[in-house]
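# Residue-level structure breakdown
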Amino acid sequence: MVSFNKELIDYLIIGICAIIVTFTLAYYGLKKIGKDPSNILPVNFANRIWIPLLIFLISLFCQIALIIRLFRFEYTYTVIGHLSTIGIILSTAWFLIIILKVFKARILKKYDVSTSDNLKARKVYTQFMILENIIIFLIIILSVGIALMSFDSIRSIGVSLLTSAGIAGIIIGLAAQKAIATLLAGIQIAITQPIRIEDVVIVEGEWGWIEEITLTYVVVRVWDKRRLVVPSTYFIENTFQNWTRNTAEILGTVFIYTDYEVPFDRLREELTRLLEKSPLWDGKTNVLQVTNATDRSVEIRALMSAKDSPTSWDLRVYVREHLLVFIKENYPESLPKSRVSLKTD
């Protein structure tokens, strides 16, 4: 009895010292490596990994104690065995998730979505964000499954349920059909990419940007700072507008209604002057056409191009305002008006 206690105490002292030394060396070693910008590890890698590292070392310490049979009671082996196994599985899954996030951050550093020509960057960001969610989901599911399989009683229950609960499985499958469809839609979005991060879209009549894409839902940042949360299946099953599917460039239109007497050539000259003066115009498209005529007025459409949709919106507002001012100041008789003809006997 005394010998057993002495062996256990000696092991505890040596093991705790070994954990402290190993943890300290690993923590400060990773911290030093992270300070070097040429390394793949980020600066805060040591701070992110210290909890799973400590759990792993303690669990490993307990597993070694079980192997060399230091404990007296059988229930101690059962409890510590399960806890240490779960600790190793948990810490390993934690390690994998952190490494995945570090790898993603390292890759995405090469791409900047804030630039005007950001199509490739948005494509890569979208792929990595969705694939990251898929991989993390799989890691968690596998970790939980492996942890549960370490319990003999749960494993036997699981086997009996699988062999005798076929009807229940069908019911659960039908109940989870919508959830599974949503998950599959998220995976399909990652592969086919009908939408990408920072794409400009019109969804349910709302104009905004794709802010976040997950496995089950998409967040659209509406122009007035509201957030529209849409199920992933919406972008697979419904029609929506994507203004930046292939390029961020977009054509803007301005409609103006005037009298028949308006000089169209002078309006074209003024539109050209306004566009050349504005930094919002990308210098590519400049068109003014009469697109309709009614018994009261003519419809004039000014067509112009900009590098992206927010810039196009500002350019349209600018052109509309200044064209109206130009007509009002130079050709006030060309503003829309109603004509009445009076006949006298």
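Structural data are supplied above this passage.
Right, let's walk through the structure included here.

Definitions and cut-offs
- Residues numbered from 1 in each chain as written.
- Predicted model: local features only at pLDDT ≥ 70, side-chain atom pairs only at ≥ 80, totals over all residues.
- Heavy atoms only, no water.
- Helix = DSSP H or I, 4+ residues; strand = E, 2+ residues; numbered from the N terminus.
- Contact = heavy atoms within 4.5 Å.
- Pairing = 2+ DSSP bridges.
- Axes fitted to C-alpha atoms, helices over the stretch in contact; angles between N-to-C directions.
- Core = buried A, V, L, I, M, F, W, Y, C linked by side-chain atoms within 4.5 Å.
- Buried < 20%, exposed > 50% of the residue type's maximum accessible area, 1.4 Å probe, protein only.
- Phe/Tyr/Trp six-rings, centres within 6.5 Å; stacked < 30°, edge-to-face > 60°.
- Expected span 1.5 Å × (residues − 1).
- Arc of directions from axis to C-beta.

## Some details on the side chain of threonine 258
By secondary structure assignment, the location of threonine 258 is in strand β6 (residues 250–258). Leaving out residues up to four positions away in the same chain, threonine 258 has contacts with Ser297, Val298, Ile300, Ile327, Ser334 and Pro336.

## Let's talk about the sheet that holds β6
The strand order across the open sheet built from three strands is β6-β8-β7, with neighbouring strands paired in antiparallel fashion. Lying at the two open borders of the sheet, with one neighbouring strand each, are β6 and β7 (286–293). Averaged over all pairs of adjacent strands, the angle between strand axes in this sheet comes to 25°, irrespective of strand direction. The sheet contact formed by β7 and strand β8 (residues 298–306) spans seven bridges and is antiparallel. Bridge pairing in β8 places glutamine 289 opposite arginine 301. Contacting β7 and β8, helix α9 (residues 264–277) crosses the sheet at an angle of about 140° to β7. Sitting on the sheet, helix α10 (residues 309–330) touches β6 and β8, and the angle it makes with β6 is about 20°.

## A look at the nonpolar core
Core analysis: the largest hydrophobic core is formed by 21 residues, its most contacted members being Leu267, Leu275, Met304, Leu315, Val319 and Leu323. Where this core is concerned, the elements lending two or more residues are β6, α9, β8 and α10. With six residues, α10 is the single largest residue contributor to this core. By size, the runner-up hydrophobic cluster in this structure holds 17 residues, among which are Ile195, Ile197, Ile213 and Val218.

## Considering the sheet that holds strand β4 (residues 227–231)
In spatial order, the strands read β4-β3-β2-β1-β5; together these five strands make up an open sheet with antiparallel pairing. Unpaired on one side and paired on the other, β4 and β5 (241–242) mark the two borders of the sheet.

## Digging into the packing of aromatic side chains
The final tally for this structure, using the stated rule, is five aromatic pairs. Centre to centre, the rings of tyrosine 234 and phenylalanine 235 are 5.5 Å apart; their planes meet at 80°, and the pair counts as edge-to-face. Like tyrosine 234, the residue phenylalanine 235 is buried in the burial classification. Connected via pairs of aromatic rings, a cluster forms that spans Tyr234, Phe235 and Phe240.

## Points about α9
In this model α9 runs 20 Å from its N-terminal to its C-terminal C-alpha over 14 residues, within 8% of the 20 Å that 1.5 Å per residue would give. Among all positions of α9, only Leu267, Glu270, Leu271, Leu274 and Leu275 are buried. Relative to the axis of α9, the buried residues are bounded by an arc of 130° and lie together on one face. Turned more than 90 degrees from where α9 packs its buried face, Asp265, Glu276 and Lys277 sit exposed. Residues of α9 that are buried in the fold lie against β7, β8 and α10.

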